[in-house]
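# Examining the three-dimensional arrangement
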Amino acid sequence: MSQINKLAYVDNKLGAPSQGQQTTRILFNTITAPGTTSGLIFFKTFQGLTNGQTNLVQNKLDASESMIIKTIMLMQYNTEGTLQTFGGQEQQTLSIIVGNQQVVKNLPIQFNQGGVGQSFDRLHSNAAVGTGGVATFERQTEFPCEIRLLTDIVIPPQVSFEVRVDSNNAVYGTGAVVCALSGYGKIFSAGNTF
Amino acid sequence: MTAQDKILYVANKLGLTSLKDMQASTGAVYDVDTDHSGQIFSSASRHQNPSLTNLTQNQFEVNEALLVESIAFYNLDNEDGNQLGNIQNVYGSQAVIVFDLIIGNKRTMKSTPVFGSGTPFTFATSGIKNLAPAATSQINPRNQIFLEGAGILIPPQVQWYVEYQIFNMVTGAVIPTNELARNIGCYLFGTRVLLNFNTSI
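Report on the accompanying structure. (Residues numbered from 1 in each chain as written. Chains lettered and ligands numbered in written order. Predicted model: local features only at pLDDT ≥ 70, side-chain atom pairs only at ≥ 80, totals over all residues. Heavy atoms only, no water.)

Here the focus is the overall build of chain A. Check the secondary structure of chain A and you find one helix and nine strands. The N-to-C order of helical and strand elements in chain A reads α-β-β-β-β-β-β-β-β-β. For 194 residues, the compact-globule estimate of 2.2 N^0.38 gives 16 Å, and the C-alpha radius of gyration of chain A, at 17 Å, lies within 12% of that figure. Dimensions along the principal axes, computed over C-alpha positions, put chain A at roughly 55 × 35 × 30 Å. (Helix = DSSP H or I, 4+ residues; strand = E, 2+ residues; numbered from the N terminus. Rg over C-alpha atoms; globule rule 2.2 N^0.38 Å.)

See the structure below:
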């Protein structure tokens, strides 16, 4: 089942509007100065974030908007903006909660990032490529962590969601960590309503 | 739904009955924001062809269209013969371009981020810049989006443009684009429909 058909199927089951502009959505949320912690929760806090740190104002999509989560991406930057290995290659797991349901449960993320070389899929076969030398904010020496899901997960309209990353005191530094969710989606389209 | 199915579906909805008889092709359109106005394609008519754009205006002719399947951002060094550059190399890994794609009076992509350190679903073929010695090599991430599911059709004779801003994700501040001798550019790539006269002429 394609992303288009899956979204239409779930929206129909939930009685959500099927009209809307088809598009590709990428939702992202930033946690600044996360420090050393055992748990990160993305898409929970929006206060104080600018449009360059999140593209939502609350942890749910608007009415008539829905999307598929197909790709999850995690990035970590130091205060200068240099891309770093997410959580320092510590073992970490990721969970996604939509409404009161856990739709991704304790998925390990560290295999799909730099230096490990054991990515889940062939798409990320070069995730382990590192160029050596000193990374700067203008000179990137590794890739962010990204996982392509095999099952399309739907975020329906007006249902809260969050992404949790668990670890044993992983070091996320004093810069920022970013989580992005990407996939096919629908945005509100007034058509000739107004 | 294939690209051709989507084009025919939208053409049918818009009453473009002759679009199905036109020449199917592959194409891309590109332009740069020379005014640092935060808009790309809207000033294409004033830009030199092909060094800055391959358009004469930001709308297609009769019976021409583009199904956008990929969108990418780059920068042009306007002091060095408009040489192409990578966004990350100039603005840094922490930079994020947040953009909208507007077709006619409709926003078809909404607050979409393109991350300086690379965008989701682009890592299989990221460019690795091999320099000597190896310690100076670097990764040039793709500041690009591959549209999921179906693409987005730009129909004939409808104006379109991309509206964008660049931010620093760590500080949240807007990154000014007019402090460097570089312009932000964008291309839209996908299945193209070209005007085909058949036996008319």
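Picking up after the structure, the text goes on.
Membership of the largest hydrophobic core comes to 47 residues, with the highest contact counts inside it found for Ile71, Phe73, Phe99, Phe115, Trp160 and Leu188 of chain B. It is strand 5 (residues 95-103) of chain B that provides the largest number of residues to this core, a total of seven residues. Setting aside chain neighbours within four positions, we find Phe115 of chain B in contact with Ile26, Phe28, Met73, Met75, Val178 and Ala180 of chain A together with Ala95, Val96, Pro120, Asn143 and Met169 of chain B. Counting 31 residues, the second-largest nonpolar core is a separate cluster that includes Leu27, Ile69, Leu74 and Val104 of chain A. (Core = buried A, V, L, I, M, F, W, Y, C linked by side-chain atoms within 4.5 Å. Buried < 20%, exposed > 50% of the residue type's maximum accessible area, 1.4 Å probe, protein only. Contact = heavy atoms within 4.5 Å.)

On to the sheet that holds strand 6 (residues 101-108) of chain A, then. Residues and elements named next belong to chain A. If you walk across this open sheet you meet the four strands as 2-8-5-6, and the pairing is antiparallel. Each edge of the open sheet carries a strand with a single partner, namely strand 2 (36-42) and strand 6. Here the strands of the sheet are splayed against their neighbours by 15° on average, with no regard to which way each runs. In terms of strand pairing, strand 5 (residues 93-98) meets strand 8 (residues 161-171) through six bridges, oriented antiparallel. (Pairing = 2+ DSSP bridges. Axes fitted to C-alpha atoms, helices over the stretch in contact; angles between N-to-C directions.)

Taken as a whole and assessed by the stated rule, the structure comprises 10 salt bridges over all chains. Residue Lys70 of chain A pairs with Asp152 of chain A through a salt bridge whose shortest N-O separation is 2.9 Å. On the criterion of sequence distance, the pair formed by Lys70 of chain A in strand 3 (residues 66-77) and Asp152 of chain A in strand 7 (residues 145-155) is long-range, its members being 82 residues apart. Residue Lys70 of chain A shares its accessibility class with Asp152 of chain A, and that shared class is buried. As a salt-bridge pair, Glu64 of chain B and Arg192 of chain B come within 3.5 Å of each other at their nearest N and O atoms. With a gap of 128 residues between them, Glu64 of chain B in the loop between strand 2 (39-40) and strand 3 (65-77) and Arg192 of chain B in strand 12 (residues 182-194) connect regions that are remote in the sequence. One exposure class covers both Glu64 of chain B and Arg192 of chain B, and it is buried. Linked through salt bridges whose partners overlap, the residues forming this network are Arg25, Asp62 and Glu65 of chain A together with Lys110 of chain B. (Salt bridge = Lys/Arg side-chain N within 4 Å of Asp/Glu carboxyl O.)

Further remarks concern the interface of chain B and chain A. Of the residues lining the interface, 51 residues belong to chain B; the matching set on chain A comes to 54 residues. The junction of chain B with chain A conceals about 4,000 Å² of combined surface from both sides, 58% of it contributed by carbon and sulfur atoms. For the pair chain B and chain A, the interface holds three salt bridges. Across the pair Asp62 of chain A and Lys110 of chain B runs a salt bridge whose closest N-O atoms are separated by 3.7 Å. Those elements that provide at least two residues to the side of chain B that touches chain A are helix 2 (87-91), strand 5, strand 6 (106-115), strand 8 (138-140) and strand 9 (144-146) of chain B. Partitioning the side of chain B that touches chain A into residue classes produces 25 nonpolar, 21 polar and five charged. (Buried area = accessible area lost by both parts, 1.4 Å probe. Nonpolar A, V, L, I, M, F, W, Y, C, P; charged D, E, K, R; others polar.)

Turning next to the sheet that holds strand 6 of chain B. All names here are of chain B. Judged by pairing direction, the sheet is antiparallel, and its four strands sit side by side in the order 2-11-5-6 without closing on themselves. Each edge of the open sheet carries a strand with a single partner, namely strand 2 and strand 6. When strand 5 meets strand 6, the two strands line up antiparallel, connected through seven bridges. From the neighbouring strand, Val96 faces strand 6, where its bridge partner is Phe115.

So, on to the packing of aromatic side chains. Under the defined criterion, the tally for this structure stands at seven aromatic pairs over all chains. Measuring from centroid to centroid gives 5.3 Å for Phe86 of chain A and Tyr172 of chain A, while their planes differ by 55°, and the two rings are tilted. With Phe86 of chain A in the loop between strand 4 (83-84) and strand 5 and Tyr172 of chain A in the loop between strand 8 and strand 9 (176-187), the pair connects residues that are 86 residues apart, well separated along the chain. Accessibility classification places Phe86 of chain A together with Tyr172 of chain A in one group, the buried group. Ring geometry for Phe60 of chain B and Trp160 of chain B: centres 4.7 Å apart, planes at 25°, overall stacked. (Phe/Tyr/Trp six-rings, centres within 6.5 Å; stacked < 30°, edge-to-face > 60°.)

This brings us to the side chain of Thr23 of chain A. Inspection of the secondary structure puts Thr23 of chain A in strand 1 (residues 21-32). Residue classification places Thr23 of chain A among the buried residues on the basis of a relative accessible area of 1%. Polar contacts involving the side chain of Thr23 of chain A include one to the main-chain carbonyl oxygen of Thr108 of chain B, which spans 2.7 Å. Excluding anything up to four places from it in sequence, Thr23 of chain A contacts Gly183, Tyr184, Gly185 and Ile187 of chain A together with Thr108, Met109 and Ile152 of chain B. (Polar contact = N/O pair within 3.5 Å; in protein donor to acceptor, adjacent residues only side chain to side chain.)

With that settled, consider the environment of Ile153 of chain A. Residues and elements named next belong to chain A. Along the polypeptide, Ile153 turns up in strand 7. On the basis of relative accessible area, Ile153 is assigned to the buried category, the value being 11%. In this structure the C-alpha to C-alpha distance between Ile153 and Gln3, which are 150 residues apart in sequence, comes to 9.1 Å. Dropping the residues within four chain positions of it, Ile153 is found in contact with Met67, Ile68, Ile69, Val103 and Val104.

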